[in-house]
Each structure stands twice: as C-alpha cells, then as structure tokens.
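Per-entry structural report
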Amino acid sequence: PSQQHPDANFTSVPFPNPEEKGALDEAMAFAKESGCDIVLANDPDADRLGVAEFNKVDGKWTVFTGDQIGSLLGHWLWETIGKNSEQPVAMCASTVSSKILSAMGQTEG
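Below: a short report on this structure. Just so we're clear, the structure is a prediction, and the values are computed from it rather than from any experiment.

Scoring rules and cut-offs
Residues numbered from 1 in each chain as written. Predicted model: local features only at pLDDT ≥ 70, side-chain atom pairs only at ≥ 80, totals over all residues. Heavy atoms only, no water. Helix = DSSP H or I, 4+ residues; strand = E, 2+ residues; numbered from the N terminus. Contact = heavy atoms within 4.5 Å. Areas by Shrake-Rupley, 256 points an atom, 1.4 Å probe, with all protein chains shown as cover. Pairing = 2+ DSSP bridges. Axes fitted to C-alpha atoms, helices over the stretch in contact; angles between N-to-C directions. Parallel < 35°, antiparallel > 145°, perpendicular 65-115°, else oblique. Left-handed = near helix turned anticlockwise from the far one by under 90°. Nonpolar A, V, L, I, M, F, W, Y, C, P; charged D, E, K, R; others polar. Expected span 1.5 Å × (residues − 1). Buried < 20%, exposed > 50% of the residue type's maximum accessible area, 1.4 Å probe, protein only.

The subject of this paragraph is the overall build of the protein chain. Helix and strand counts for the protein chain come out as 3 helices and 3 strands. Ordered by position from N to C terminus, the α and β elements of the protein chain give α-β-β-β-α-α. Viewed in the frame of its principal axes, the protein chain has a C-alpha envelope of about 45 × 35 × 20 Å. Within the protein chain, contacts between residues separated by at least 24 positions form 38% of all contacts whose residues are at least 6 apart in sequence. In the structure as shown, the protein chain presents an accessible area of about 8100 Å², 55% of it carried by carbon and sulfur atoms.

With that settled, the discussion passes to the pairing of strand β2 (residues 49–55). Relative to β2, strand β1 (residues 38–42) is paired through 5 bridges, and the arrangement is antiparallel. Paired with Asn 42 across the strands is Leu 49, a residue of β2. Linking β1 back to β2 in an antiparallel pair, the connection comprises 6 residues, with Ala 46 at a positive phi of about 60 degrees. Bridge analysis of β2 against strand β3 (residues 60–63) gives 4 bridges, and the strand direction is antiparallel. Residue pairing across strands places Asn 55 opposite Lys 60, the latter belonging to β3. Linking two consecutive strands that pair antiparallel, namely β2 and β3, is a turn of 4 residues; a positive phi of about 70 degrees is found at Gly 59 within it.

Contact geometry for helix α2 (residues 66–80) and helix α3 (residues 100–108): axes closest at 9 Å, N-to-C directions at 25 degrees. Between α2 and α3, the angle is such that the two are roughly parallel. Note that α2 runs across α3; the crossing there is right-handed. Of α3, the residues touching α2 (which contributes Gly 70, Ser 71, Gly 74, His 75 and Trp 78) are Ile 100, Leu 101, Met 104 and Glu 108. Here the residues of the contact of α2 with α3 sort into 4 nonpolar, 4 polar and 1 charged.

Of note in this structure, Phe 10 is not a glycine but carries a positive phi near 50 degrees. On the secondary structure map, Phe 10 appears in the segment before α1 (25–34). You will see that Ala 46, though not glycine, has its phi angle at about 60 degrees, which is positive.

Here α2 spans 21 Å end to end across 15 residues, near enough to the 21 Å set by a 1.5 Å rise per residue. If you check which residues of α2 are buried, you get Ile 69, Ser 71, Gly 74 and Trp 78. Those residues of α2 that are buried are in contact with β2 and α3.

What follows is the structure, encoded as structure tokens:
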C-alpha cells in the first residue's frame with residue numbers, strides 16, 4: 001500500500017531501482033501478508049524489472065538477478081513460441097548480459 005500511488009521522491013525505497021538490495025522489501029512483505037508468491041516491480045521509466053518468488057517450503061524469498069530473469073523469459077519465449085514457429089526466432093542480449101541466451105540458441109538451433 002505504501003507504494004501504490006506515484007511518488008516522485010520515491011520515499012519508500014533508498015533508490016528507485018528494483019534491482020537494488022532492499023528495493024523489493026516492502027512489496028515482498030505486502031505480498032506475503034496477502035498470500036502472494038510472486039512480486040514483479042519496475043523502475044519509474046520501466047527499463048528495469050525486479051522479480052521475487054516466495055518459497056512456501058522454507059519461508060524464504062528468492063530475488064532473481066537480471067540475468068536470471070532474462071534466462072527465464074528466453075526459455076519461456078522458446079517453449080511457447082520458438083519451437084513451434086515456422087519462422088526463425090531471435091533472442092538478443094546486451095554485451096553485459098549472461099551468455100545463457102546464446103547457449104540456448106546454439107542448443108536449440
């Protein structure tokens with residue numbers, strides 16, 4: 001609730017980047033109270049994404065890195081579209097990204 005309204009001063013986080021440590025803390029607490037297992041958060045201009053998943057077995061949150069998120073999205077893209085497509089499918093990564101998308105492409109063709 002403390003983050004549901006726009007706040008140009010970002011008073012509820014130390015820095016408005018969902019990749020920064022602590023940026024998802026309030027969202028994870030609210031999600032847990034509400035019985036939600038997944039948190040998705042973006043920064044103000046939506047060029048960064050934070051993802052966290054609650055593990056009901058051990059009661060801990062996993063906060064995914066950007067490379068992990070990209071890998072999961074790439075895998076989803078391949079499984080839902082790529083392997084059934086009659087057209088070639090391309091996945092792009094920046095020079096600072098993980099090499100896993102390249103490895104997926106080489107493995108899957």
